Amino acid sequence: QVQLVESGGGLVQPGGSLRLSCVLSGSMFSTYAMGWYRQAPGKQREVVATITGAGNTIYADSVKGRFTISRDNAKNTVYLQMNNLKFEDTAVYYCNAIFRLSSYWGQGTQVTVSS
């Protein structure tokens, strides 16, 4: 049974930084493609960033140059470093893991950017 647990969300002022973490319980973490998604109130869930097992990354245009996704396969953990946060980054952030045809989601962590 694969489980994902996110942490690191919170309240931050515009221009501030947060680092989200997501731990996957299970084996073969390095074979999973991992991603961060977000959902703002009244909007659809959207992809923020993804990283393959080999470390190849893709970012949404809205976060390029501000967010960095990384993974530590020894710790079964994927990170999202978020810098220069903006009001529009406010959302619930979800961790996603994909292996072959299976997709898993975490429970989400709230990120609120407010002055």
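Throughout what follows, the structure given in this document is the object of discussion. Computed from a predicted structure; not experimentally measured.

## Section: the packing of aromatic side chains
Aromatic ring pairs are defined here through the distance separating the ring centres and the angle between the ring planes.
Step number 1: As enumerated under the stated definition, the model contains three aromatic pairs in all.
Step number 2: Aromatic pair Y32 and F99: ring centres 5.4 Å apart, planes at 40°, arrangement tilted. Residue Y32 is found in the loop between β3 (18-25) and β4 (33-39), and its partner F99 is found in strand β9 (residues 91-99); the two are separated by 67 residues along the sequence.
Step number 3: Under the relative-accessibility criterion, Y32 is labelled buried at 7%.

## Remarks on the environment of S102
Step number 1: Looking at the element boundaries, S102 is found in strand β10 (residues 102-105).
Step number 2: Owing to a relative accessible area of 30%, S102 belongs among the partly exposed residues under this scheme.
Step number 3: With 25 residues separating them along the chain, S102 and T77 place their C-alpha atoms 18 Å apart.

## What to know about the state of the cysteines
Step number 1: Tallied over the entire structure, the rule returns one disulfide.
Step number 2: Covalent S-S linkage joins C22 and C95, the inter-sulfur distance amounting to 2.1 Å. Taking the sign of the torsion about the S-S bond as the criterion, the disulfide between C22 and C95, at about -85°, is left-handed. Of this pair, C22 sits in strand β3 while C95 sits in strand β9; the two residues are 73 residues apart in sequence, bridging distant segments of the chain. The pair C22 / C95 is uniform in exposure class, with both members buried.

## Structural notes on the side chain of S21
Step number 1: Following the sequence through the fold, S21 ends up in strand β3.
Step number 2: The buried category is assigned to S21, whose relative accessible area is 15%.
Step number 3: The contacts of S21, once residues within four sequence positions are left out, are V5, E6, S7, W36, T77, V78 and Y79.

## Structural notes on the sheet that holds strand β8 (residues 77-82)
Strand pairing within a sheet occurs via backbone hydrogen bonds; the two strands may be parallel or antiparallel.
Step number 1: Strand order across the open sheet formed by four strands is β1-β3-β8-β7, with antiparallel pairing between neighbours. Of all the strands in the sheet, the pair left with one neighbour each is β1 (3-7) and β7 (67-72). Taking the axes of each pair of neighbouring strands and ignoring which way they run, one obtains an average angle of 15° across the sheet.
Step number 2: Alignment of β1 against β3, held across five bridges, turns out to be antiparallel. The partner of Q3 across the bridge, within β3, is S25.

What counts, and at which threshold
- Position numbers for residues count from 1 along each chain, tracking the sequence in the order it is written.
- Local features in a predicted model are, by the rule used here, given only for residues with pLDDT of at least 70; side-chain atom pairs are given and counted only at 80 or more, and totals for whole chains, interfaces and linings are based on all residues.
- The basis for every side-chain value is the complete set of non-hydrogen atoms in the structure, without hydrogens or water.
- Pairing of aromatic rings covers Phe, Tyr and Trp, the last through its six-membered ring, and needs centres within 6.5 Å; plane angles under 30 degrees mean stacked, over 60 mean edge-to-face, and all others mean tilted.
- Strands here mean DSSP runs of E at least two residues long; helices mean DSSP runs of H or I at least four residues long; both are numbered from the N terminus.
- Relative accessibility thresholds used throughout: buried, under 20% of the residue-type maximum; exposed, over 50%; partly exposed, between the two (1.4 Å probe, protein chains only).
- Any two cysteine sulfur atoms lying within 2.5 Å of each other are counted as a disulfide.
- Working rule for contacts: check all heavy atoms of both residues, and any pair within 4.5 Å makes them a contact.
- Any two strands between which DSSP finds at least two bridges are classified as paired.
- Axis angles are defined between N-to-C directions and span 0 to 180 degrees, where every axis is a line fitted to C-alpha atoms and, for a helix, only to the segment in contact.

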